[in-house]
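Commentary on secondary and tertiary structure
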Amino acid sequence: MLEIDGLSVTLGDFSVRDITISVREGEFFVIVGPTGVGKTVFLETILGFYRPSNGRIYLKGIDITDYPPERRNIAMVYQDYALFPHLTVRENILYGLRYKSLQFSEDHFDGLVKMLGIWKLLDRYPETLSGGEKQRVAIARALIVQPEVLLLDEPLSSLDPSFRDAMRREIRRIQKVTGKTVLMVTHDFLDVFALADRVAVMNAGVVEQVGDVGDVFRRPASRFVAEFVGMKNIFLAEKRRDGVYVNGCRFDIGRDVQRDRFFIALRPEDIIVSEERVVSSARNTFEGEVIDVIHLNPYFEVKVGVDKLVFNVVVTAGSVMEMGIKKGKKVWITFKASSLHII
Amino acid sequence: MYIAFFVLMGSFLVLYIILPLVMMFMRTSLSLLIQAVSDPQVLSSIALSLYASAISTGIIVVLGIPLAYLLARLDFRGKRLVESIIDLPIVIPHSVAGIAILSMISERNPIGRGIHLAGLDPVGHLSGIVMAMMFVSLPFFVDSARDGFKSVPVRLEKVSRTLGAPFLSTFFRVSLPLSKRSILSGIIMSWARGISEFGAVLIITYHPMVAPVLIYERFEAYGLEYSTPISTLLIMVIFVFFVLLRFVSSHRGESN
């Protein structure tokens, strides 16, 4: 559907390099990465506002790299919504219709306005709307021209946090109902879980990993991706003749790795804490001392020191009470070799 | 304490503008004012000033809007130089401006011959007045329009393009309406500046006389008493535009 092939573009401080992603028809594709890594520049390059120094963009197999923005049939909803302040909501929504060979259909307009719940706002001016209302209007304005692809630039970040969940569901619903192909950029991994069919993780102008959300989350391909998707235990491992060592602790990783030095990632919820040594099939068990207990409603994050290593463990409130976990207490931690992700 | 001091200092400048004008108004006798209003030469000179300046402003608007938009949107080498050149007429003496235009339109050079071939004979004609006014007015319009275009978020133009509007449609449906107020105030500034031009017009076209030239002539010939009524009349006309300008620019604050 939308193929981006080896795209590089530089604009002032921002640059993206050699980006290759392929967005499938009807798919919700999310690009996630920290703020300020050139995500907007990337979207505006797809839209045709910047000339890539390298690479091509294909839409439905047609090379659109040299097309002007108005001929690409790709619409965008900006982070600040960019509604035309001198036009009413109705005029905003209808703005692009005259350039398309689409027949204006009262039904289509009504349907869109109803779906987005903005029929009461039609005669108002943008400055009188709330953030959520502006966003719906911006979405309606983009959808009415029936673009092949809808781009969303951080659509949730300028909303009040309490509305974000609702709007996230709303965006998902709109995408499901319309079946639009959506490409969204965000810095929030929660958006990925809630919305994405597939995800690309972007850092410092390059795509670090592309794949299904589950795959990326379970098998991060780089240290950055691992940290970004929320794995807090990342260790530098060394391969010696008798096994894999992390800072003097021998880890059983249950597989052979061809490198001498690599990173190991371990999800905090994959570690079991106990008062006694657990006898089980899990092959990694260490005794350590609780360094810190942080209350993160509804969980506790417990930092356990094993020699010089610090493990972050997620523990339920019940277990913390039951075991009397507090600073200085001796505990055992256990995890399976298969929970370890080699990066 | 400091505020009081600053207010005192600042008031001098404000008064320095108001007082001479008030004095002039006060020494204008009503009968001479009525006489001036019914003097066809006075009326035609004021009308000529308004008319010529309107033509000059019209030409400036047509040529200045694209220029202002380029300056607001495009970064190019030598942009600062271009901007300085545009502001040049503000800093050079207006008699010098008149001399410079006169040299350009002299039949001794190809440009001047071209202008004559085009059927224009600027010296002593309306076209000469318009040329002089354009020269001194255009910085005011271009600067104001440029600031107006600059205040339109680029993003709005981009959205327009993604919705299918080509560049020109975007310009007329988004950029222009959103900088309407700045363009309007630029028009008024340019017009008022043209009406008040004396030096450059005097050098190129003494006859037909625009209002400032007529005032100068009456002053030379009859003295202060007979030149004040025309001055008062002209100031009243310009004042109307000035109030209009303030009205327009105060509304700009509200709309954004």
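Residues numbered from 1 in each chain as written. Chains lettered and ligands numbered in written order. Predicted model: local features only at pLDDT ≥ 70, side-chain atom pairs only at ≥ 80, totals over all residues.

On to the confidence of the model for chain B. Averaged over all residues, the pLDDT of chain B is 89; the fraction at 70 or higher stands at 96%. In the model output, the complex is listed with pTM 0.76 alongside ipTM 0.79. (pLDDT = per-residue confidence, 0-100.)

Residues and elements named next belong to chain B. Between helix α8 (residues 154–162) and helix α9 (residues 167–178), whose axes approach to 10 Å, the crossing angle comes to 140°. Relative to α9, the element α8 lies oblique. At the point where α8 passes α9, the crossing takes the right-handed sense. Contacts from L156, E157, S160 and R161 in α8 reach T170, R173, V174 and S175 in α9. Taken together, the residues of the contact of α8 with α9 sort by class into 2 nonpolar, 3 polar and 3 charged. (Axes fitted to C-alpha atoms, helices over the stretch in contact; angles between N-to-C directions. Helix = DSSP H or I, 4+ residues; strand = E, 2+ residues; numbered from the N terminus. Parallel < 35°, antiparallel > 145°, perpendicular 65-115°, else oblique. Left-handed = near helix turned anticlockwise from the far one by under 90°. Contact = placed C-beta atoms within 7 Å. Nonpolar A, V, L, I, M, F, W, Y, C, P; charged D, E, K, R; others polar.)

Strand pairs in the sheet, formed through backbone hydrogen bonds, run parallel or antiparallel to each other. Residues and elements named next belong to chain A. Spatial strand order, β6-β7-β8-β3-β9-β10: 6 strands in an open sheet with mixed pairing. Since the sheet does not close on itself, it has two edges, and those belong to β6 (74–77) and β10 (206–212), each with one partner. When the angles between neighbouring strand axes are averaged without regard to direction, this sheet yields 20°. Set on the sheet, helix α1 (residues 39–47) makes contact with β3 (28–32), β6, β7 (149–153), β8 (181–186) and β9 (198–203); between it and β7 the angle comes to about 155°. (Pairing = 2+ DSSP bridges.)

For the rest of this paragraph, the subject is the environment of M131(B). Tracing the backbone through its elements, the reader meets M131(B) in helix α7 (residues 126–150). We classify M131(B) as buried; it has 26 C-beta atoms within 10 Å. (Buried ≥ 20, exposed ≤ 12 C-beta atoms within 10 Å, placed from the backbone.)

A few words now on the interface of chain B and chain A. Tallying the contact residues gives 14 residues for chain B and 17 residues for chain A. Of all the elements in the fold, those that place two or more residues in the side of chain B that touches chain A are α8 and α9 of chain B. At 6 residues, α8(B) tops the list of elements feeding residues into the side of chain B that touches chain A. Residue composition of the side of chain B that touches chain A, grouped by class: 9 nonpolar, 2 polar and 3 charged.

Taken as a class, soluble globular proteins show a tendency for nonpolar side chains to be buried jointly. In terms of nonpolar packing, the biggest core is built from 89 residues, with V30(A), M76(A), A140(A), L151(A) and V199(A) touching the most fellow members. Of all hydrophobic cores here, the second largest spans 49 residues; its members include A36(B), V42(B), I46(B) and I60(B). (Core = buried A, V, L, I, M, F, W, Y, C linked by C-beta atoms within 7 Å.)

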